[in-house]
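Each chain, written out:
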Amino acid sequence: MTGFPWLSVVTFAPLVGVAFILLIRGEPDVVARNAKGVALWTSLITFVVSLGLWINFDPTASGFQFEEKVVWMPAFDIAYHLGIDGISLFFVILSALLTVLCVGASWESVKDRVKEYMIAFLILETLMIGMFSSLDLILFYVFFEGVLIPMFIIIGVWGGPRRNYAAFKFFLYTLAGSVLMLLAILAMAFQAGTTDITKLLTHDFPISLQPWLWLAFFASFAVKVPMWPVHTWLPDAHVEAPTAGSVILAGVLLKFGGYGFLRFSLPMFPVASADFAPFIYGLSVVAIIYTSLVALAQEDMKKLIAYSSVAHMGFVTLGTFTATIQGIEGAVIQMLSHGVVSAALFLVVGVVYDRMHSRDIATYGGLVNRMPVYALVFMIFMLASVGLPGTSGFVGEFLVLVGAFKANSWVAALAATGVILGAAYMLYLYRRVIFGKLTKEDLKSITDLSPREMAVFAPLVLVVIFMGVYPIPFLDAMHVSVENLIERYETAVAAAEQVRLAAR
Amino acid sequence: MPDLVPALPEIFLAVMSMALLMVGVFQKEEKAGRSVSYLAIATLVVTIAIVGVVADGRASTFGGAFVTDGFAVYVKGLILIATAAAVLMSREYLEQHGIFRFEFPVLMVLAALGMLMMVSANDLISLYLGIELQSLSLYVIASFQRDTTRSAEAGLKYFVLGALSSGLLLYGISLVYGFSGSTNFDALAQLFQAGESPLGVTVGLVFIIAGLAFKVSAVPFHMWTPDVYEGAPTPVTAFFAVAPKIAAMARFVRVMVGAFGDLGDQWQQVIIFISIASMVLGSFAAINQTNIKRLMAYSSIGHMGYALIGLAVAGGAGNAEARADGVSGILIYLAIYMFMNIGAFACILQMRRNGRMVEGIDDLAGLSKSNPAMAMVLAVFMFSMAGIPPLAGFFGKFYIFLAAIEAELFALAIIGVLASVVGAFYYVRIVKVMYFDAPEESFDGPVSMEMKAVLVVTGVVTLFFFVWPLPIIDGAGLATAALLPG
């Protein structure tokens, strides 16, 4: 495809901002102010251009759009190859949106090394968008792993008291998973003779090889999602990361895993995916129920939301591997919804944390008396997280449950109990923080949301309700891509079934 | 009269080293060090040019004992760049410690000559000559700071153990000669191609591997490395970590692939073992280090372990494509390794407080505040050594593992990547110390121009390798084609 390289623009625009920030000289205050300004404008422009991608996106066309390809390394025609389909489109937009909000949310709370902070977030944005739009395995891996560097720095430099531990745990857990995927990528390159994802999507990997490749990819994505039992890095990382770091972590980084399952595991190793599906169902159900129960017992707000993330991502993995149209579309919507809602919830926590410097639920209580607008915002996102009809969370969870019911009614029933538990811990949290009498002395002077904070929350509220009330534009855009995926999956599984029957 | 043209770079270096000695002797002592040092750099740069000009396919001379080909050209280029950088980086340190004598650069040039010799050696005897010329120069510069016990100890330790390994090597050579009747690589290769493999040759081969493994400091012959790295003056350590490692690895490849290539099934398992042992030990032993030079020693042991994966692949019989990828993987790895290590040592050489060198990892605490530029550069090197994309180190590992997967050495590849995760811990710990910990006093400034130049060049290569990787990849491909025709 020829034409203007819009995807490259979206991907690398943040780096232009980085270059500008690096050029800023002068007094620390001036540098900090200008760095914030540049970061905000860069991320805003990136976001607007990414919206342009959606407007120009043709939902009826199958295959990838906005493709660009330049030869990079000669072996296995490794190329700089970008392109998006209906699944990745929204993740690109989500990354761009959340980065804007992160910059806005850190406007006052970050005072130390502002310039470096903004640089880290802009680099992170480039890597995230690049990850979702790359159509070459090696390129994908470079972006996928490269994210570790800025995120490690963000947690470690601007994080809480146990930031060292959290940063290392995050770094090493994810790295350990990913290196196995790298070996699988290399093996695939040899098997197929190419690293081009568009070609690999139609390549049939030998059935004997698929389980190994699948497991290697699983090692990486399961850590990223994170799935039980490799989720333990997430609560630590979330608790210690600065607010904006948690937002990106929950909003986008967790989606790497879910996206990876959709883009690689399911279409490239369909037979292995079908064989391992019960295994995934098991882990997902455990994640949904067990981590919900754990969340119920948390005293730390960020930890509670972190555990709820694990539970919600359990729905994603469940939906993905049902390999039904509802399950997969539900998984994507659930990922987008979770990206917005959990990001918003971390921002909600960040608001009171900036004022009181405590994340303990026990510190708060009766906030509705002093902060009515805050209480409203919190309520919207709390209900979206619970999955109330009319919010984005409902659409995702409902579709996933429909998909799961098609695949296995027991799994669906167990997963549905997770919805109830989700309501329990979120409502319990909300009651303890917002309602009750305002008795604590230091809370009596707490102030409501500032206009800046409202400006940060406004787009998120809008998205959550829009997706909940009218999800058609989202579903339409991804429908063709998902149908293609399922068609391919079913043909491959059926063919493998034939082979197995014949061998019997 | 043998044809001297293929050996022109070596001859030029030899003549120039004598000339440099003269220049040094006939100058005032205070000025001699500086002028000889710059002349030495000029000599090395000119030699690179000569290497490039002389390169014209494969040419052998001195009765087949000396050969130059694409492989030699590539490796010689790396060695000369590394040596020139090491000479450049040593000036400041030596001046501050009052040991800037003109012999130092001359010894470096002689060591480079030895390394060039062994890269081009096509006979076990000329190989041995090259090794000894290199080693003797290295023993002396290891103990160049002779007033400190640590440096003297390092030199002595290096000498004793080095002599032992040379002995092993010679013994192996004599066995091979005794059982095969030749020391020439081509003659040996022909013999083995014909299916001969007397038991004595295998035994001799084991000794040769032991001797060569000592020089690349592969486990279990690594014991000298941390002590020597720690004791030797820092610019010498920087030199040790790069040029001799590259030369030794390249020579290892030429001996094993060039002469004993058809005995691959005999030595491949040995290489696999020392590769795994080096990667694992390099990763785990570095975790507890507090001295950054010792840490770099273990890091280099680990890196050599990764490079040896390529050699293990090259030992696999049958799959010619995989063997070629193994060798070119090593060459790519070595080039990237060179840039990362020179850069990292340039940073370490800046660790100076109140006029004294400090070597503790803790001394880097808070560097991101006191010297943000240097912290960023060092962080880039550390992430790169850990193999995190998109930095250069990732691509080094990438090509090595690519070859391992191609040769179906899955266990080796899996152990390798897992060891790299462990290794990432200690590299990233340095980043943590620089970025997360509370600042210590800042280092003495300002950074000299030559150091800045070294840091900028190595930093840019490491950071932006991914933008245009073709020069190194293609170069390695050509070099491999020369070693493994067809």
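Look up: the structure comes first, before these words.
Presented here is an overview of the structure given in this document. (Residues numbered from 1 in each chain as written. Chains lettered and ligands numbered in written order. Predicted model: local features only at pLDDT ≥ 70, side-chain atom pairs only at ≥ 80, totals over all residues. Heavy atoms only, no water.)

## Some words on the overall build of chain A
Phase 1 of the analysis: A count of helices and strands for chain A gives 19 helices and two strands.
Phase 2 of the analysis: Relative to the globule expectation of 23 Å for 504 residues, the C-alpha radius of gyration of chain A, 22 Å, shows essentially globular dimensions.
Phase 3 of the analysis: Seen through its principal axes, chain A has C-alpha atoms that stretch 75 × 55 × 40 Å.
Phase 4 of the analysis: Considering chain A as a whole, with its 504 residues, one finds that 64% of them fall into the buried category.
Phase 5 of the analysis: Sequence separation of 24 or more characterises 82% of the internal contacts of chain A that already satisfy a separation of 6 or more.
Phase 6 of the analysis: Summed over its atoms, the accessible surface of chain A is roughly 17000 Å², and 68% of this surface lies on carbon and sulfur atoms. (Helix = DSSP H or I, 4+ residues; strand = E, 2+ residues; numbered from the N terminus. Rg over C-alpha atoms; globule rule 2.2 N^0.38 Å. Buried < 20%, exposed > 50% of the residue type's maximum accessible area, 1.4 Å probe, protein only. Contact = heavy atoms within 4.5 Å. Areas by Shrake-Rupley, 256 points an atom, 1.4 Å probe, with all protein chains shown as cover.)

## A word on the overall build of chain B
Phase 1 of the analysis: On a plain count of helices and strands, chain B comes out with 19 helices and four strands.
Phase 2 of the analysis: Computed over its C-alpha atoms, the radius of gyration of chain B comes to 21 Å, within 12% of the 23 Å expected for a compact globule of 486 residues.
Phase 3 of the analysis: Projecting the C-alpha coordinates of chain B onto the three principal axes gives extents of approximately 65 × 55 × 40 Å.
Phase 4 of the analysis: The buried share among the 486 residues of chain B stands at 64%.
Phase 5 of the analysis: Residue pairs in contact within chain B that sit at least 24 positions apart in sequence constitute 82% of those at least 6 positions apart.
Phase 6 of the analysis: Looking at chain B, you have 25 positive and 32 negative side-chain charges, and the mean spots of the two groups are 9 Å apart. (Lys, Arg positive; Asp, Glu negative; His and termini not counted. Charge placed at Lys NZ, Arg CZ, Asp CG, Glu CD.)

## As for helix 3 (residues 86-105) of chain A
Phase 1 of the analysis: With 20 residues, helix 3 of chain A extends 29 Å from end C-alpha to end C-alpha; this agrees with the ideal 28 Å at 1.5 Å per step.
Phase 2 of the analysis: With 20 of its 20 residues buried, helix 3 of chain A lies for the most part within the structure. (Expected span 1.5 Å × (residues − 1).)

## Some words on the side chain of T43 of chain B
Residue and element names in this part refer to chain B.
Phase 1 of the analysis: Tracing the backbone shows T43 in helix 2 (residues 29-54).
Phase 2 of the analysis: For T43, a relative accessible area of 2% gives the class buried.
Phase 3 of the analysis: Side-chain polar atoms of T43 contact the backbone oxygen of L39, separated by 2.7 Å. (Polar contact = N/O pair within 3.5 Å; in protein donor to acceptor, adjacent residues only side chain to side chain.)

## Remarks on the packing of helix 7 (residues 185-193) of chain B against helix 10 (residues 234-259) of chain B
Residues and elements named next belong to chain B.
Phase 1 of the analysis: Two elements in contact, helix 7 and helix 10, have axes separated by 8 Å at closest approach and are oriented at 40°. Taken as axis vectors, helix 7 and helix 10 run oblique relative to one another. Where helix 7 abuts helix 10, its residues F185, L188, A189 and F192 lie against R254, V255, G258 and A259.
Phase 2 of the analysis: Among the residues making up the contact of helix 7 with helix 10, the classes are represented as six nonpolar, one polar and one charged. (Axes fitted to C-alpha atoms, helices over the stretch in contact; angles between N-to-C directions. Parallel < 35°, antiparallel > 145°, perpendicular 65-115°, else oblique. Nonpolar A, V, L, I, M, F, W, Y, C, P; charged D, E, K, R; others polar.)

## Remarks on empty space enclosed by the protein
Residues and elements named next belong to chain A.
Phase 1 of the analysis: This model, assessed by the stated rule, comprises 11 cavities of 30 Å³ or more.
Phase 2 of the analysis: If you go around the largest cavity, the residues you meet are A105, T243, L347, G350, V351, D354, R452, E453, V456 and F457.
Phase 3 of the analysis: Of all the secondary structure elements, the ones that give two or more residues to the lining of the largest cavity are helix 14 (325-356) and helix 18 (451-469).
Phase 4 of the analysis: Split by residue class, the lining of the largest cavity holds five nonpolar, two polar and three charged. (1 Å grid on protein atoms, 1.4 Å probe; cavity = no way out; pocket = protein on both sides within 12 Å on 5 of 7 lines; lining within 4 Å. Points joined across faces, edges and corners; volume = space filled by probe spheres on them.)

## What about the pairing of strand 1 (residues 65-73) of chain A?
Residue and element names in this part refer to chain A.
Phase 1 of the analysis: With six bridges joining them, strand 1 and strand 2 (residues 78-84) adopt antiparallel strand pairing. The residue bridging V70 from the neighbouring strand is Y80, located in strand 2.
Phase 2 of the analysis: Hairpin connection, strand 1 to strand 2: the antiparallel pair is bridged by four residues, and F76 has positive phi, about 55°. (Pairing = 2+ DSSP bridges.)

## Examining the nonpolar core
Across soluble globular proteins, nonpolar side chains show a tendency to be buried alongside one another.
Phase 1 of the analysis: Counting 396 residues, the largest nonpolar core has F252 and F260 of chain B as its most contacted members.
Phase 2 of the analysis: For this core, the element with the most residues is helix 13 (residues 320-348) of chain B, which contributes 19 residues. (Core = buried A, V, L, I, M, F, W, Y, C linked by side-chain atoms within 4.5 Å.)

## Overview of the environment of V422 of chain B
Phase 1 of the analysis: You can see V422 of chain B is positioned in helix 17 (residues 410-435).
Phase 2 of the analysis: Beyond its immediate stretch of four places on either side in the chain, V422 of chain B contacts S283, F284 and I287 of chain B.

## Overview of the side chain of N341 of chain B
Phase 1 of the analysis: Counting through the fold element by element, N341 of chain B comes out in helix 13.
Phase 2 of the analysis: Excluding residues within four positions of it along the chain, N341 of chain B makes contact with A241, V242, M296 and M385 of chain B.

## Let's talk about unusual backbone geometry
Phase 1 of the analysis: In the segment running from V219 of chain B into P220 of chain B, the intervening peptide bond is cis, with an omega of 5°.
Phase 2 of the analysis: Along the chain, the position of P220 of chain B falls in the loop between helix 8 (199-215) and helix 9 (224-231).
Phase 3 of the analysis: Residues P389 of chain B and P390 of chain B are joined by a peptide bond in cis, for which omega reads 5°.
Phase 4 of the analysis: Checked against the element boundaries, P390 of chain B lands in the loop between helix 15 (372-386) and helix 16 (392-406).
Phase 5 of the analysis: In this structure, F66 of chain A takes a positive phi of about 55° despite not being glycine.
Phase 6 of the analysis: The residue F66 of chain A is located in strand 1 in this model.

## With respect to the interface of chain B and chain A
Phase 1 of the analysis: On the side of chain A, 32 residues touch chain B, which itself brings 35 residues to the contact.
Phase 2 of the analysis: Buried area between chain B and chain A, both sides added, is near 3100 Å², and the carbon and sulfur share of it is 84%.
Phase 3 of the analysis: Summed over the three residues of chain B that lose the most area to chain A, namely F398, V421 and F436 of chain B, the buried surface amounts to 20% of that side.
Phase 4 of the analysis: In this assembly, chain B and chain A are joined by one salt bridge.
Phase 5 of the analysis: A salt bridge links D112 of chain A to K369 of chain B, with the shortest nitrogen-to-oxygen separation between them at 3.6 Å.
Phase 6 of the analysis: Summed over the shared surface of chain B and chain A, the number is four residue pairs in polar contact (both at pLDDT 80 or more).
Phase 7 of the analysis: Every element with two or more residues in the side of chain B that touches chain A is listed here: helix 14 (367-370), helix 16, helix 17 and helix 19 (470-483) of chain B. (Buried area = accessible area lost by both parts, 1.4 Å probe. Salt bridge = Lys/Arg side-chain N within 4 Å of Asp/Glu carboxyl O.)

## A word on the environment of V313 of chain B
Residue and element names in this part refer to chain B.
Phase 1 of the analysis: Looking at where V313 falls in the secondary structure, it is placed in helix 12 (residues 292-314).
Phase 2 of the analysis: Taking relative accessible area as the criterion, V313 reaches 1% and is therefore assigned buried.
Phase 3 of the analysis: When the C-alpha atoms of V313 and L412 are compared, they prove to be 9.9 Å apart, with 99 residues separating the residues in sequence.
Phase 4 of the analysis: With residues up to four places along the chain from it excluded, the contact list for V313 reads A322, R323, G326, A403, A404, A407 and L409.

## Focus on the packing of helix 14 of chain A against helix 19 (residues 472-503) of chain A
Residue and element names in this part refer to chain A.
Phase 1 of the analysis: At a minimum axis distance of 10 Å, the contact between helix 14 and helix 19 shows a crossing angle of 135°. Here helix 19 runs oblique to helix 14, going by the angle between their axes. In this structure, helix 14 meets helix 19 at a crossing whose hand is right-handed. Along the contact surface, helix 14 presents I325, I328, E329, V332, I333 and L336, while helix 19 presents F474, L475, M478, H479, V482, E483, L485 and I486. (Left-handed = near helix turned anticlockwise from the far one by under 90°.)

## Some thoughts on the packing of aromatic side chains
Phase 1 of the analysis: For the structure shown, the criterion picks out 61 aromatic pairs over all chains.
Phase 2 of the analysis: Aromatic pair F132 of chain A and F256 of chain A: ring centres 5.4 Å apart, planes at 85°, arrangement edge-to-face. One end of the pair, F132 of chain A, is in helix 4 (residues 114-133); the other, F256 of chain A, is in helix 11 (residues 243-268), with 124 residues separating them in the sequence. In terms of burial, F132 of chain A and F256 of chain A fall into one category: buried.
Phase 3 of the analysis: A centroid spacing of 5.9 Å and a plane angle of 35° characterise the contact between F394 of chain B and F398 of chain B, whose relative ring orientation is tilted. Of the two residues, F394 of chain B and F398 of chain B both sit in helix 16, four residues apart, roughly one turn of that helix. Residues F394 of chain B and F398 of chain B agree in their burial class; the two are buried.
Phase 4 of the analysis: It is K224 of chain A that lies over the ring of F144 of chain A; its NZ or CZ is 4.2 Å from the centre.
Phase 5 of the analysis: Above the plane of the ring of Y306 of chain B lies K397 of chain B, whose end atom (NZ or CZ) is 4.7 Å from the centre. (Phe/Tyr/Trp six-rings, centres within 6.5 Å; stacked < 30°, edge-to-face > 60°. Lys NZ or Arg CZ within 6 Å of the ring centre and 35° of its normal.)

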